[in-house]
Amino acid sequence: MSVPPNRKAPNPFLFVGISVLSFAAFYLTLQHRAATYPASKQPRQRDSPFIPPVHKEEDPEKKQNN
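Thresholds applied
- Residues numbered from 1 in each chain as written.
- Predicted model: local features only at pLDDT ≥ 70, side-chain atom pairs only at ≥ 80, totals over all residues.
- Heavy atoms only, no water.
- Helix = DSSP H or I, 4+ residues; strand = E, 2+ residues; numbered from the N terminus.
- Buried < 20%, exposed > 50% of the residue type's maximum accessible area, 1.4 Å probe, protein only.
- Areas by Shrake-Rupley, 256 points an atom, 1.4 Å probe, with all protein chains shown as cover.
- Phe/Tyr/Trp six-rings, centres within 6.5 Å; stacked < 30°, edge-to-face > 60°.
- Expected span 1.5 Å × (residues − 1).
- Polar contact = N/O pair within 3.5 Å; in protein donor to acceptor, adjacent residues only side chain to side chain.

**Q** Explain the overall build of the chain to me, and be specific about the residues and the numbers.
**A** What the chain contains, in helices and strands, is two helices and zero strands. For the chain, with 66 residues in total, the buried portion stands at 0%. Total accessible area on the chain is roughly 7,400 Å²; 62% of this is exposed by carbon and sulfur atoms.

**Q** For the packing of aromatic side chains, give the residues involved together with the corresponding values.
**A** Using the criterion set out here, one finds one aromatic pair in the structure. Between the aromatic rings of Phe-23 and Tyr-27, the centroid separation amounts to 6.4 Å while the plane-to-plane angle is 20°, which identifies the pairing as stacked. Residue Phe-23 and its partner Tyr-27 are both found in helix α1 (residues 12-36); the two are separated by four residues, about one turn of the helix. You can call Phe-23 exposed: its relative accessible area is 57%. Residue Tyr-27 is classed as partly exposed on the basis of its relative accessible area, which comes to 44%.

**Q** Could you give me a rundown of α1, with the residues and numbers involved?
**A** Spanning 25 residues, α1 covers 36 Å between terminal C-alpha atoms, matching the ideal 36 Å at 1.5 Å per step. The element α1 is largely exposed, with a buried count of zero among its 25 residues. Put simply, Asn-11 is the residue that caps the front of α1, since its side-chain oxygen is 3.1 Å from the backbone nitrogen of Phe-13.

Next comes the structure, spelled out in structure tokens:
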């Protein structure tokens, strides 16, 4: 199939530009969010009752031997 003579192929720089602008907007939003409302200042989320707690101080080998 050939392209009709009255239709142009899409501009590849448009696709690259859109992706670069999208990445830049996402990055700048992350930087602004980290500076204005950091995660360390937010209240801790409640633990889910359906997920068992993880005890990092325990040795996994001791757990398997019991």
